[in-house]
Amino acid sequence: CGAGYYCPSGMVASEPHEHPCTIGHSCPGNNAEPEPCSAGFYQDEIGQSDCKVCVAGFYCPGTLSASHPNGTVVCPLGHYCVLGSK
């Protein structure tokens, strides 16, 4: 599979339009399934090969945590969250 897509086991295609990489995940290429964004990163678009660095004003505990589906959480009142906050 090409970057931005995933190919379930046994599938071979460069751009399987029925399997774009999902929000909160990355698909750098040759993925059997989307890879969750790790802490400090997020992804708010489908079909992406990389996760984005968490933006200031938010923290990103990782896609598999109880965060927003894209991996972001608004910084708590009274706290300051810098770029890449986990």
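Here, the structure is the one placed above.
Below is a short write-up of the structure.

Scoring rules and cut-offs
- Residues numbered from 1 in each chain as written.
- Predicted model: local features only at pLDDT ≥ 70, side-chain atom pairs only at ≥ 80, totals over all residues.
- Heavy atoms only, no water.
- Helix = DSSP H or I, 4+ residues; strand = E, 2+ residues; numbered from the N terminus.
- Buried < 20%, exposed > 50% of the residue type's maximum accessible area, 1.4 Å probe, protein only.
- Contact = heavy atoms within 4.5 Å.
- Areas by Shrake-Rupley, 256 points an atom, 1.4 Å probe, with all protein chains shown as cover.
- Disulfide = S-S within 2.5 Å.
- Polar contact = N/O pair within 3.5 Å; in protein donor to acceptor, adjacent residues only side chain to side chain.
- Salt bridge = Lys/Arg side-chain N within 4 Å of Asp/Glu carboxyl O.

Here we take up the overall build of the protein chain. Secondary structure assignment for the protein chain yields 0 helices and 6 strands. When the helices and strands of the protein chain are read in sequence order from the N terminus, they spell out β-β-β-β-β-β. Across its three principal directions, the C-alpha atoms of the protein chain cover 50 × 20 × 15 Å. Out of the 86 residues in the protein chain, the part that is buried amounts to 34%. Intrachain contacts of the protein chain at a sequence separation of at least 6 include 38% that bridge at least 24 residues. Surface summary for the protein chain: the accessible area is close to 5000 Å², and the carbon and sulfur share equals 58%.

The next subject is the state of the cysteines. Per the stated rule, a full pass over the model turns up 5 disulfides. Residue pairing for Cys-37: its cysteine sulfur links by disulfide to Cys-51, the two sulfurs lying 2.1 Å apart. Torsion about the S-S bond of the Cys-37 and Cys-51 cystine: about -85 degrees, corresponding to left-handed handedness. Here the residue Cys-37 occupies a position in the loop between β2 (35–36) and β3 (41–42), and Cys-51 occupies one in the loop between β3 and β4 (52–53), the gap between them amounting to 14 residues.

Turning next to the side chain of His-25. Tracing the backbone shows His-25 in strand β1 (residues 25–26). You can call His-25 buried: its relative accessible area is 16%. Here the side chain of His-25 touches Thr-22 through a polar contact of 3.0 Å, side chain to side chain. One polar contact links the side chain of His-25 to the main-chain carbonyl oxygen of Ile-23, over a distance of 3.0 Å. Look past the residues within four positions of His-25 in its chain and what remains in contact with it is Pro-34, Glu-35, Pro-36, Cys-37, Gln-43, Gln-48, Cys-51 and Thr-63.

Quick look at the pattern of salt bridges now. Within the structure shown, the criterion is met by 2 salt bridges. Notably, a salt bridge pairs Asp-44 with Lys-52, separated by 2.7 Å at the nearest N-O pair. Classification of Asp-44 as partly exposed rests on a relative accessible area of 35%. With a shortest N-O distance of 2.9 Å, Glu-45 and Lys-52 are connected by a salt bridge. Taking relative accessible area as the criterion, Glu-45 reaches 37% and is therefore assigned partly exposed.

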